[in-house]
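Letter by letter, the chains look like this.
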Amino acid sequence: MRSISAWGLGLALAACGARDEPPPRPLPELVRAVDLDPDPRVVALELTARVAQVEWLPGRPSEAWTYDGTVPGPLVDAAVGDTLVVRFHNALPAPTTLHWHGVRVPADMDGTEAMQHPVPPGGSFEYRFVLKDAGLYWFHPHVRSDEQVERGLYGVLRVGDPAGPALGRERVVVLDDVLLDGDGALVDPARLSHMEARTGREGNRVLANGAPNAFLEVTPGERVRLRLVNAAVARSFQLTLGGGRPLVLVGVDGGLLEAPRVLERLLLAPGQRADVLVDVDGAPGDAWTLSAEPSARGHHAGDDEAEAVLRLRLVEGQGTRAPLPGRLRTIAPLPAPDTLRRFVLGERMGMMSGPVFTLNGEAGPDVPPVATRVGAAEEWEYVNETTLDHPMHLHGYFFQVWDAAEATWERAWRDTVNVPAGARLRLRVHFDERPGRWMQHCHILTHAELGMVQAVDVAPE
Ligand code: C2O
Ligand code: CU
C-alpha cells in the first residue's frame, strides 16, 4: 500500500510542481575512488554495488542503489594509457553489470548482456582494460538500466592527459533528476505509467552531484572548467548561463574538440558529456545561474519554467586565466564510407504493453543485428519518424556527426547524439579494431527497454 500512496503523491508533486525549495548548499565533491595498486600505470579499485540511504533532500533519507554508498558513485581518476582494474562486487538484490559508457574497451569488458553473464547478487567480476583516450566517461549498469540507473547507479571515470592544455580550475558536475515523493523518497522506478514509459521518466528535482539547489564559489577573473555528464534516464538539459553569458565548449564525449566553440545554449542529452569553460568577470556578491530551459523533446511543449542546475557565486578574490588556445588538438576526418546504412526510428502502441519503440520497424530484441567487420568505414543516417527526440548511443566506437550548419563533419568525437523528433541526422564511424558484439540504443533508457536497441556485430577482418 505504501508504494501506491507514495506513487500517487509523487505524481501529484510532479504535476503541480508544488514543493519547498531545499536550502542552497555547496556543490558536493565527488568521493574519489582509492587506487590500491602502487604501479603508477595501473589504477586498481574495489567497487561494490549496494543499497544505501542517501539524502537528496536534507534530513529526508531515501533508499537508493549505489556504488560504494553514494550517488553519484566514486570518481575514478586515471591517465591515458593506464590500465584500469575494477574488482566489482554485487551486493544488490538483483543481477547487474558495469558498462563503461564511451570507453573503447574490448567487447568482453563492455558490460552488456550480449557479452557477459550479469553478475548475480553476491557475485563478483573483474573488469580490466587499457584506457586509450583522454576524456570524461561514466559507468552504469546494462541490466534493466532504466530502473537501475534511476535508483542511483552511476559514477564518473575521468581519463586525464598530462600533455593536454591547461584550461582552468576543473569541477566534475553530474546532472540528474529524481522523482521524489512528499517524504523525499524516490518514487519506485519500476512502476511507470504508459505516459511515463513513452516520454521517459523526468523527476521533480534536478540534481548536480546529487544535490538540488547547489552552488559553486568562483572568483572574478578566473576561468572555471565544468565537466558535465548527463546521467538522467530521460531528461535533456538545455543549458544556458544567466544574463546571456556564453558557454565555451571545449570538449564532448570523446575528449577535446579541435577548436573551442562559443555557445549561447548547450543541449546535453542523456548519456552525453560536455567540457565547458566559463570566464568569470564581475563583482563579489554577483551570482550567475546555469539553468536548464525546458526542452520540449517533442512533448510537454514548454510551459515549465527553467530549472536552476548550478549557481556560480562570485566571492572575494582575484582569479587569473591564460589566453584560450585557438586549437586544442587535431581531429582527422574519418575515411570516406564504403557502406551506407539507414535507421528509421519509429514508435507504435502495443495492444497490452503500451508504447513500443522500433528500429527499422522491429523492436528489440527482435531487431536484426547490424553485421559489419573490422576495417569498415560507414555512414549511418537516422530518420526519426516519431514525435519524440532519441539520443542514440553507439557502444565501443566514437563517431563524427554531420554538422548541417557548417556543412562539414564535426571535428569532435561523440558516442551519443540527439536525433530530434522528425529529424534526420548523419554520422560516420570507422570500425577500426576490436571485433565483437556491440550495441546501439536510445539513451532514454525506457525507450531502449521498450525496443529501441540493436546489436552491432563487428566480425574480425
Ligand atoms: Cu550509457 Cu548502452 O549505455
Ligand atoms: Cu528514445
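Residues numbered from 1 in each chain as written. Chains lettered and ligands numbered in written order. Predicted model: local features only at pLDDT ≥ 70, side-chain atom pairs only at ≥ 80, totals over all residues. Heavy atoms only, no water.

**Q** Residues and numbers for the overall build of the protein, please.
**A** Across its full length, the protein carries four helices and 31 strands. For 461 residues, the compact-globule estimate of 2.2 N^0.38 gives 23 Å, and the C-alpha radius of gyration of the protein, at 21 Å, lies within 12% of that figure. C-alpha extents for the protein along the principal axes are approximately 60 × 60 × 50 Å. Nonlocal contacts in the protein, meaning residues at least 24 apart in sequence, comprise 76% of its contacts between residues at least 6 apart. Surface accessibility of the protein: about 18000 Å² in total, with carbon and sulfur atoms responsible for 54%. Here the protein holds 45 positive side-chain charges and 62 negative ones, and the gap between their average locations is 2 Å. (Helix = DSSP H or I, 4+ residues; strand = E, 2+ residues; numbered from the N terminus. Rg over C-alpha atoms; globule rule 2.2 N^0.38 Å. Contact = heavy atoms within 4.5 Å. Areas by Shrake-Rupley, 256 points an atom, 1.4 Å probe, with all protein chains shown as cover. Lys, Arg positive; Asp, Glu negative; His and termini not counted. Charge placed at Lys NZ, Arg CZ, Asp CG, Glu CD.)

**Q** Could you give me a rundown of the nonpolar core, with the residues and numbers involved?
**A** In this structure, L84, W100 and W380 are the most contacted members of the largest nonpolar core, which totals 83 residues. When near neighbours in sequence (up to four residues on either side) are disregarded, L84 contacts V43, L45, V76, W100, Y127, R128, F129, L131 and L157. With 35 residues, the next largest nonpolar core counts L239, L241, L290 and L312 among its residues. (Core = buried A, V, L, I, M, F, W, Y, C linked by side-chain atoms within 4.5 Å. Buried < 20%, exposed > 50% of the residue type's maximum accessible area, 1.4 Å probe, protein only.)

**Q** I'd love a proper account of the coordination of the copper ion (ligand 2), names of residues and values included.
**A** Taken together, the protein donors to the copper ion (ligand 2) comprise H390 (ND1), C442 (SG) and H447 (ND1), at separations of 2.0 to 2.1 Å. For the copper ion (ligand 2), the donor residues sit on a single chain with the sequence spacing H-x51-C-x4-H. Residue H390 is located in strand β25 (residues 390–394), and its partner C442 is located in strand β30 (residues 436–442); the two are separated by 52 residues in the primary sequence. On the basis of relative accessibility, which here comes to 0%, the residue H390 falls in the buried class. (Donors = N, O, S within 2.8 Å, 3.2 Å for Na, K, Ca; no water.)

**Q** If you had to explain unusual backbone geometry to someone new, which residues and values would you point to?
**A** Residue V71 is joined to P72 through a cis peptide bond whose omega torsion reads -10 degrees. Relative to the elements of secondary structure, P72 occurs in the loop between β3 (60–67) and β4 (75–79). The amide bond that connects G364 to the next residue, P365, takes the cis arrangement and shows omega of 10 degrees. Along the chain, the position of P365 falls in the loop between β22 (354–359) and β23 (370–373). Its identity is not glycine, yet D68 carries a phi of approximately 55 degrees, on the positive side. Checked against the element boundaries, D68 lands in the loop between β3 and β4. On the basis of relative accessible area, D68 is assigned to the partly exposed category, the value being 34%. In the Ramachandran plot, N360 falls in the positive-phi region, its phi being about 50 degrees despite a non-glycine side chain. With respect to the helices and strands, the residue N360 is situated in the loop between β22 and β23.

**Q** So what about the sheet that holds strand β12 (residues 214–218)? Which residues, and what values?
**A** The strand order across the open sheet formed by six strands is β1-β12-β20-β19-β14-β17, and the pairing between neighbours is mixed. Each end of this open sheet is capped by a strand with a single partner; those strands are β1 (25–26) and β17 (266–268). In this sheet, strand β19 (residues 287–293) lies alongside strand β14 (residues 237–241) in antiparallel orientation, the contact comprising four bridges. The residue of β19 that forms the bridge with L241 is L290. (Pairing = 2+ DSSP bridges.)

**Q** Talk me through the sheet that holds strand β31 (residues 453–459); I want residue IDs and the actual numbers.
**A** Across the sheet, which stays open at both edges, the five strands sit in the order β23-β31-β30-β25-β28 with mixed pairing between neighbours. The outermost strands of the open sheet, each flanked by one partner alone, are β23 and β28 (416–419). When strand polarity is set aside, the average angle formed by the axes of neighbouring strands in this sheet is 25 degrees. (Axes fitted to C-alpha atoms, helices over the stretch in contact; angles between N-to-C directions.)

**Q** So what's going on with the pattern of salt bridges? Which residues, and what values?
**A** Under the criterion given, the structure shown has 42 salt bridges. Between R227 and E170 there is a salt bridge; the shortest N-O distance is 3.1 Å. Here the residue R227 occupies a position in strand β13 (residues 223–230), and E170 occupies one in strand β10 (residues 169–178), the gap between them amounting to 57 residues. With a relative accessible area of 9%, R227 lands in the buried category. (Salt bridge = Lys/Arg side-chain N within 4 Å of Asp/Glu carboxyl O.)

**Q** Give me the lowdown on the confidence of the model for the protein, citing residues and values where you can.
**A** Averaged over the protein, the pLDDT score is 93; the fraction of residues at 70 or greater is 94%. Within the model, pLDDT remains below 50 along residues 1–18, and this stretch shows 26 contacts once partners closer than five positions in the same chain are excluded. (pLDDT = per-residue confidence, 0-100.)

**Q** I'd love a proper account of the environment of H441, names of residues and values included.
**A** Following the sequence through the fold, H441 ends up in strand β30. For H441, a relative accessible area of 2% puts it in the buried group. Spatially, the C-alpha atom of H441 lies 6.3 Å from that of Q454, the residues being 13 residues apart in sequence. The contacts of H441, once residues within four sequence positions are left out, are H142, P391, M392, H393, H395, A448, M452 and V453. A polar contact is formed between the side chain of H441 and the side chain of H142, at a distance of 3.3 Å. Polar contacts involving the side chain of H441 include one to the side chain of H395, which spans 3.3 Å. (Polar contact = N/O pair within 3.5 Å; in protein donor to acceptor, adjacent residues only side chain to side chain.)

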